[in-house]
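# Architecture at a glance
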Amino acid sequence: MQIFDHPEFDHHQQIVFGSDEASGLRAIIAIHDTRRGPALGGLRIYPYASEADALTDVLRLSRGMTYKSALADLPLGGGKAVIIADPRRDKTPAMLYAMGRLVESLGGRYITAEDSGSGEEDMRLIRQETSHVSGLGHDGNSGDPSPFTAHGVFCALKSAVRHRLGRSDLQGLRVAIQGVGHVGAHLARELHEAGAKLVLTDVDRDSLGMLVSELSAESVAPDAIFDADVDVFAPCALGAVLTDEVAERLKAKVICGAANNQLATAAVAGRLHARGILYTPDYVANAGGVIEVEAQRHQRYNRDSVMRHVERIAETVDEILSRAQSEDKSPAAVADQLARERLAG
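Model, not experiment: these values are computed from the prediction.

Further remarks concern the side chain of Lys80. Relative to the helices and strands, Lys80 resides in strand E5 (residues 77-84). One polar contact links Lys80 to Asp115, side chain to side chain, over a distance of 2.6 Å. Ignoring anything within four residues of it in the chain, the contact list for Lys80 reads Ile28, Ile29, Ala30, Gly41, Gly42, Val58, Leu61, Ser62, Met65, Tyr110, Asp115 and Asn260.

See below:
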């Protein structure tokens, strides 16, 4: 398996492969950059088809965390961890304890937190083997960062709609949300409250049906979401959903969602730009969760202060979209450049 010549390798500082025969743990931790602080990034548990797929995902996700923390003005670097397993069938306390020992072996260079396939209870098990865990809550409150992630996306979406559609409110705006899990459902409720009309899809048909009924929304089959006649497309499931084919199919003029690594390839950003579709860089829009998780690490936690920090995501999106317009570039390229500038500075 290639590492240094891997297309997603971006001068990562450290890549660790961990296994535990007794529990069946097969994990990869990627530390991309620690210039601003320890590398914080969630633990994704997913039944990858191959080790190569897992490596590609963890390399992309860890780099995204570096850029996310830099643009969110956090004293953190970027890292990520993946476990190759089905979280519904394979995840056990023994596996999570083993993962905790792997995190502990890095001496604090990497801090883990919940992500797709892992939750707050999993972090509590990992915490028994290492102190380098966040997302456990504060003062008796849940550590689930989903509401903060969703609110950051909501703020970013309002900024993108203002730039592309010239609208200052969301009343009657049609938004298609792909994936209504924790983050997607919170986003849907916030958009509904703001007056938006929703088109929803999810592979979990039961959860989808309940949310559609609650919000008087439309529902479509998963593959049909790309063809929905909407103003905004919000990817809130897994990554790499924005392919060349999808870029051609989309009717939306704005893309802004919570999923990580939405672009299947960097070239898709250029295709979206050529079609006049405003892509809001995912690691900028979805930074609310890491802002909250970072705040939980400190004793003087203040929820109002965290929310104000999350809402500043809109200012960063404004800066990126204004610069992209003036330079006639894709916002993805501008965001990457701005992140690199902040890391160098």
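Next comes the rest of the write-up.
Quick look at the sheet that holds strand E8 (residues 197-201) now. Strand order in the open sheet formed by six strands is E9-E8-E7-E10-E11-E12, and the pairing between neighbours is parallel. Each edge of the sheet is formed by a strand with only one pairing partner; in this case those strands are strand E9 (218-219) and strand E12 (278-279). Two elements, strand E7 (residues 174-178) and E8, share five bridges in a ladder whose sense is parallel. Counterpart to Ile177 in the pairing with E8 is Leu200.

This part is about the pattern of salt bridges. Between side chains of opposite charge, a pair can form when the charged atoms approach closely. Enumeration over the complete set of coordinates arrives at 26 salt bridges. Across the salt bridge formed by Glu120 and Arg124, the nearest N and O atoms sit 2.8 Å from each other. Taken together, the residues Glu120 and Arg124, both in helix H3 (residues 120-126) and four residues apart, mark about one turn of the helix. Here Glu120 falls in the buried class, since its relative accessible area comes to 17%. Overall, the relative accessible area of 36% leaves Arg124 in the partly exposed class.

Let us look at the packing of aromatic side chains. Each aromatic ring pair is characterised by the separation of its centres together with the angle its planes make. Under the defined criterion, the tally for this structure stands at four aromatic pairs. Look at Tyr67 and Tyr283: their rings are 5.6 Å apart centre to centre, the planes differ by 65°, and that puts the pair in the edge-to-face class. Residue Tyr67 is found in helix H1 (residues 51-71), and its partner Tyr283 is found in helix H9 (residues 282-285); the two are separated by 216 residues along the sequence. Per residue, the accessibility class of Tyr67 equals that of Tyr283, and both read buried. For the pair Phe226 and Phe233, a centre-to-centre distance of 5.8 Å together with 65° between the ring planes defines the contact as edge-to-face. Pair check on accessibility: Phe226 and Phe233 agree, each one buried.

This part is about the pairing of E5. Extensive coverage of E5 is indicated by the burial of eight of its eight residues. Because side chains alternate across E5, one face comprises the buried residues Gly77, Gly79, Ala81 and Ile83, and the other comprises Gly78, Lys80, Val82 and Ile84, equally buried. Here six bridges tie strand E2 (residues 25-33) to E5, and the two strands are oriented antiparallel to one another. Bridge pairing in E5 places Ile28 opposite Val82.

With that settled, consider the nonpolar core. One finds Val175, Ile177, Leu187, Leu191, Leu198 and Leu200 to be the most contacted residues of the largest nonpolar core, which totals 65 residues. The residues touching Leu187, leaving out its near neighbours within four places in the chain, are Ala150, Val153, Phe154, Ile177, Ala234 and Cys236. In terms of nonpolar packing, the next biggest core, distinct from the first, is built from 24 residues, Ile31, Ala81, Ala85 and Leu136 among them.

The next point concerns the packing of helix H4 (residues 146-165) against helix H12 (residues 313-327). Following both chains from N to C, one finds H4 and H12 inclined at 35°, their axes separated by 8 Å at the closest point. The crossing of H4 and H12 is right-handed. Between H4 and H12, the residues in contact are Gly152, Cys155, Ala156, Ser159, Ala160, Arg162 and His163 and Ile313, Ala314, Val317, Asp318, Leu321 and Ser322, respectively. Grouping the amino acids of the contact of H4 with H12 by side-chain chemistry returns seven nonpolar, four polar and two charged.

All right, on to the packing of helix H10 (residues 288-296) against helix H11 (residues 303-311) then. Across the interface, H10 lies against H11 with an axial gap of 9 Å and an inter-helix angle of 150°. The orientation of H10 with respect to H11, classified from their angle, is roughly antiparallel. Crossing angle aside, the handedness with which H10 passes H11 is right-handed. Two secondary-structure elements touch here, H10 through Gly288, Ile291, Glu292 and Ala295 and H11 through Val306, His309 and Val310. Partitioning the contact of H10 with H11 into residue classes produces four nonpolar, two polar and one charged.

What counts and how
- In every chain, residue numbers begin from 1 and rise along the written sequence.
- Only residues with pLDDT of at least 70 get local features here, since the model is predicted, and only at 80 or more are side-chain atom pairs given and counted; chain-wide, interface and lining totals rely on the full set of residues.
- For side-chain calculations, the full set of non-hydrogen atoms in the structure is used, while hydrogens and water are omitted.
- Numbering of helices and strands runs from the N terminus, with a helix taken as a DSSP run of H or I at least four residues long and a strand as a DSSP run of E at least two residues long.
- Residues adjacent in sequence count toward polar contacts only when both atoms are side-chain atoms; beyond that, a polar contact is any pair of N or O atoms within 3.5 Å, and within protein one must be able to donate a hydrogen and the other to accept it.
- Residues count as neighbours in contact if any of their non-hydrogen atoms are within 4.5 Å of one another.
- Two strands pair if DSSP finds at least two bridges between them.
- Definition used for salt bridges: Asp or Glu carboxyl oxygen within 4 Å of a side-chain nitrogen of Lys or Arg.
- Each residue's exposure class comes from its accessible area (1.4 Å probe, protein chains only) as a fraction of the maximum for that residue type: buried when under 20%, exposed when over 50%, partly exposed otherwise.
- For Phe, Tyr and Trp, where Trp contributes only its six-membered ring, two rings pair if their centres lie within 6.5 Å, and the inter-plane angle classes them as stacked under 30 degrees, edge-to-face over 60, or tilted in between.
- We call a set of buried Ala, Val, Leu, Ile, Met, Phe, Trp, Tyr and Cys residues a nonpolar core when their side-chain atoms join them within 4.5 Å.
- Lines fitted to the C-alpha atoms define the axes, with helices restricted to the stretch that makes contact. Angles between their N-to-C directions range from 0 to 180 degrees.
- Crossings are classed by handedness, with left-handed meaning an anticlockwise turn of the near helix from the far one by less than a right angle and right-handed meaning a clockwise turn.
- In the scheme used here, Gly and all other residues not listed as nonpolar or charged are polar, with Ala, Val, Leu, Ile, Met, Phe, Trp, Tyr, Cys and Pro taken as nonpolar and Asp, Glu, Lys and Arg as charged.
- Throughout, the term roughly parallel applies to angles under 35 degrees, roughly antiparallel to angles over 145, roughly perpendicular to angles from 65 to 115, and oblique to all others.

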